[in-house]
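# Observations on the model geometry
Next come the chains, spelled out residue by residue.
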Amino acid sequence: MPRSSKKPRIALALAGGGPLGAIYEIGALCALDESLDGLSLNDLDAYVGVSAGGFIAAGLANGLSPRDICASFIENVGAPHDIFKPSVLIRPAWGEIAKRLAALPMLAGQASYRYFFSRRSLSSAFERLGRALPAGFFSNAAIDAQLRRQFSAPGRTNDFRHLKRKLVLVATDLDSGDPAPFGQPGYDHVPISKAVQASAALPGLFPPVEIDGRYYVDGALKKTLHASVLLEEDVDLLLCLNPLVPFNSTQAPQHRVLSSGEERIPKLVDGGLPVVLSQTFRTMIHSRLELGMKAYERNHPDTTIVLFEPDQRDPEMFLANTFSYSQRRALAEHAYQQTRQMLRSRRSVLSAQLAPHGVSINDDVLDDRQRTLVSRRAPRTRSAWALQRLEGVLNDLEHALPR
């Protein structure tokens, strides 16, 4: 319940999850934004974002509506400086790779000396050579560059200190393992675009991001949500979105073919190592999230905390390739419709939770089955479909090759 007659303080926490997580959160936020009256996702009191969630939180805090972010990231329409093409994230980190290759001769000499003259083990020699491996194979510099352009538009800012709303983007200090809450005092001088880049620097995929002489990686290494930085602000209502959940195949609908056209895997083990690792990773981070949510509720009993996440029985979101963008429109639409369905199924419970904070469910909007997220398009002929696929392949090839 609100603590006084003043306007309730409402905050939003967005977890990470790579490109797939961003697609889910965009679809879900669009559904929430239009279905909840008394709530403007661009006018909340505070935001915290981790990894892909940081990308979206920074946009919301800068006045970009969920539909604006959808147009930029999913539809690739709008002003040129607002269009974010995800394919730029698969450009090789040539600078990092070249630096490591340049060090290889010296490292090879050190490894040989260790083995032949210092009588070290062969494994010790190979450990020395391991320093020649890149710290990340793809460049994430485009995140900083694109968001810097986006946030330089009139009415927006790339400076935490000039925002009208509180924004915290969490990364992890690589050398200490401590969380780095960019946007908080002592960290608020860092450009928002650079903080997003650091928060989304998934180890192994992207190189650590250097800021003020220190190196930062994905904020999800420490916690899934980092909602505590908002709960300490004494908020009344905290909305949380977590895009990655383990898949419960034992209770999932037994459709043989998914809407994406892919054939469903009868058992997860049949998917091989990628599927097994995905399920393992999702189970681990979700277990950590559940423990964190219990701690949040125990330590902040006066705050209403509402968590939104995908249905664990939904094979569409689980079996989608986390780093595939070709089906992002279909996945965003699916997340949008699934969130609307979730709101309908939890209508009475959510209404009771939200009402004390001046938020209500718009039944007319929620029950309108004709609503869609992405624009409807006329059915394609087979030749048009083939040309579109060819264009997509050529575009991806262009971005994958060095300039």
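As annotated in an unreviewed UniProt entry, the protein chain carries the name Patatin family protein and comes from Piscinibacter terrae.

## Thoughts on the overall build of the protein chain
Along the backbone of the protein chain there are 15 helices and ten strands. Looking at the protein chain as a whole, 48% of its 403 residues are labelled buried. With the model as given, the accessible surface of the protein chain reaches about 20200 Å², and the carbon-plus-sulfur share is 55%.

## Description of the pattern of salt bridges
This model, assessed by the stated rule, comprises 17 salt bridges. Between Arg161 and Asp159 there is a salt bridge whose closest N-O contact spans 3.0 Å. In this structure Asp159 comes out as buried when scored by relative accessible area, which is 17%. Measuring nitrogen to oxygen at the nearest pair gives 2.6 Å for the salt bridge that ties Arg214 to Asp173. Of the two residues, Arg214 is situated in strand β7 (residues 214–218) and Asp173 in strand β4 (residues 166–173); the sequence distance between them amounts to 41 residues. Look at the salt bridges and you will find they share partners, linking Glu34, Arg67, Arg340, Asp368 and Arg371 into a network.

## Observations regarding the state of the cysteines
Counted by the stated rule, this structure contains zero disulfides. We note that Cys30 lacks a disulfide partner, and the nearest cysteine sulfur, in Cys70, lies 5.0 Å from it. The exposure class assigned to Cys30 is buried, which follows from its relative accessible area of 2%.

## Section: the packing of aromatic side chains
The full count for this structure, using the stated rule, is six aromatic pairs. Arranged with centres 5.1 Å apart and planes meeting at 20°, the rings of Phe247 and Phe318 form a pair that is stacked. Taken together, the residues Phe247 in the loop between β8 (237–241) and α10 (272–299) and Phe318 in helix α11 (residues 315–319) connect sequence positions 71 residues apart. Of the two residues, Phe247 and Phe318, both sit in the buried class. In this structure an aromatic cluster arises from ring pairing among Phe55, Phe73 and Phe84.

## Some details on unusual backbone geometry
A positive phi angle, close to 55°, is found at Asp212, a residue other than glycine. Of note, Asp212 is situated in the loop between β6 (209–211) and β7. A positive phi angle, close to 55°, is found at His226, a residue other than glycine. Within the secondary structure, His226 is located in the loop between β7 and α9 (228–231). In this structure His226 comes out as buried when scored by relative accessible area, which is 4%.

## With respect to the nonpolar core
Counting 76 residues, the largest nonpolar core has Leu167 and Phe182 as its most contacted members. Per-element tally for this core: the top contributor is helix α1 (residues 18–35), with ten residues. Once you skip the residues sitting within four places of it in the chain, Phe182 turns out to touch Phe160, Leu167, Val168, Leu169, Ala171, Tyr187, Val190, Ala195, Ala198, Ile211 and Tyr216. In terms of nonpolar packing, the next biggest core, distinct from the first, is built from 20 residues, Val48, Val50, Val168 and Tyr296 among them.

So, how was this worked out
- Residues numbered from 1 in each chain as written.
- Predicted model: local features only at pLDDT ≥ 70, side-chain atom pairs only at ≥ 80, totals over all residues.
- Heavy atoms only, no water.
- Helix = DSSP H or I, 4+ residues; strand = E, 2+ residues; numbered from the N terminus.
- Buried < 20%, exposed > 50% of the residue type's maximum accessible area, 1.4 Å probe, protein only.
- Areas by Shrake-Rupley, 256 points an atom, 1.4 Å probe, with all protein chains shown as cover.
- Salt bridge = Lys/Arg side-chain N within 4 Å of Asp/Glu carboxyl O.
- Disulfide = S-S within 2.5 Å.
- Phe/Tyr/Trp six-rings, centres within 6.5 Å; stacked < 30°, edge-to-face > 60°.
- Core = buried A, V, L, I, M, F, W, Y, C linked by side-chain atoms within 4.5 Å.
- Contact = heavy atoms within 4.5 Å.

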